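The primary structure of each chain is shown beneath.
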Amino acid sequence: YVMGVELPLGWEGAMIEGGEVIELPSSHCLVFQGQRYDDAKMGEAIGALRASMMAFDPAPLGLEWAEDEMPTWQMAPLAERGVIEGRPVRRKQGH
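Residues numbered from 1 in each chain as written. Predicted model: local features only at pLDDT ≥ 70, side-chain atom pairs only at ≥ 80, totals over all residues. Heavy atoms only, no water.

**Examining the layout of surface pockets**
Which parts of space are left empty comes out when a probe the size of a water molecule is rolled across the atoms. Test applied: Residues are called lining when one of their atoms sits within 4 Å of a cavity or pocket point, these points coming from a 1 Å grid over the protein atoms alone, where a cavity is a set in which a 1.4 Å probe fits but cannot get out and a pocket is an open set with protein on both sides within 12 Å along at least five of seven lines. Grid points are joined across faces, edges and corners, and a volume is the space filled by probe spheres set on the points. Numbering of helices and strands starts at the N terminus; helices are DSSP runs of H or I of at least 4 residues and strands are runs of E of at least 2. For this scheme, ten residues count as nonpolar: Ala, Val, Leu, Ile, Met, Phe, Trp, Tyr, Cys and Pro. Four count as charged, namely Asp, Glu, Lys and Arg, and the remainder, Gly too, count as polar.
Counted as a void, the largest pocket has a volume near 1,000 Å³. Lining of the largest pocket is provided by 32 residues; of these, Gly4, Val5, Glu6, Ile22 and Leu24 occupy positions nearest its centre. Listing elements by their share of the lining of the largest pocket, those giving two or more residues are β1 (28-33), β3 (73-74) and β4 (84-91). Here the lining of the largest pocket is composed, by residue class, of 20 nonpolar, eight polar and four charged.

Quick look at the structure:
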């Protein structure tokens, strides 16, 4: 799981404590967006979206999860647009 910001290659600016710069290859992912929520229920909104993501089967689309190749990611949760997370996928063999 990763949260971060996109930076130009070779960036050498200041880093937050515990942070690191990583380079990720180009990839594909399925993006999931939850419903709008009350700020006080952000944790519940994240949990509900993740439950839906884990229950989703990408096989009918000819895809399989590829979290062994790329991290899952999350955009900053905002109550007015809902939680947005992405899970990496790849084409299944033979598709």
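Back to the write-up after that little detour.
**A look at a nonpolar patch on the surface**
Defined as follows: Surface patches are drawn from residues lacking salt bridges whose relative accessible area is over 30%; two like charges belong together within 9 Å, two nonpolar side chains (Val, Leu, Ile, Met, Phe, Trp, Tyr) within 5 Å. What sets the accessible areas is the Shrake-Rupley method with a 1.4 Å probe; for residues, cover comes only from the shown protein chains. A pairing counts as a salt bridge when a side-chain nitrogen of Lys or Arg comes within 4 Å of a carboxyl oxygen of Asp or Glu. For the exposure calls, accessible area comes from a 1.4 Å probe over protein chains only, and a residue counts as buried if that area is under 20% of its type's maximum, exposed if over 50%, partly exposed in between.
The grouping of Val5, Leu7, Met15, Ile16 and Val21 at the surface amounts to a nonpolar patch, some 500 Å² of accessible area in total. As for its position among the elements, Met15 is in the segment before β1. Since its relative accessible area comes to 38%, Met15 is described here as partly exposed.

**Brief notes about the pattern of salt bridges**
Tallying each qualifying case throughout the model produces five salt bridges. Here Arg50 and Glu85 are joined by a salt bridge, their closest N and O atoms 2.9 Å apart. You can see Arg50 sitting in helix α1 (residues 42-55) and its partner Glu85 sitting in strand β4, a full 35 residues away along the chain. Exposure remark for Glu85: the relative accessible area of 1% places this residue in the buried category. In this structure, Arg90 engages Glu64 in a salt bridge whose closest nitrogen and oxygen atoms are separated by 2.8 Å. Taken together, the positions of Arg90 in strand β4 and Glu64 in strand β2 (residues 63-65) put the pair 26 residues apart, joining distant regions of the chain. Among the residues examined, Glu64 registers a relative accessible area of 29% and is labelled partly exposed.

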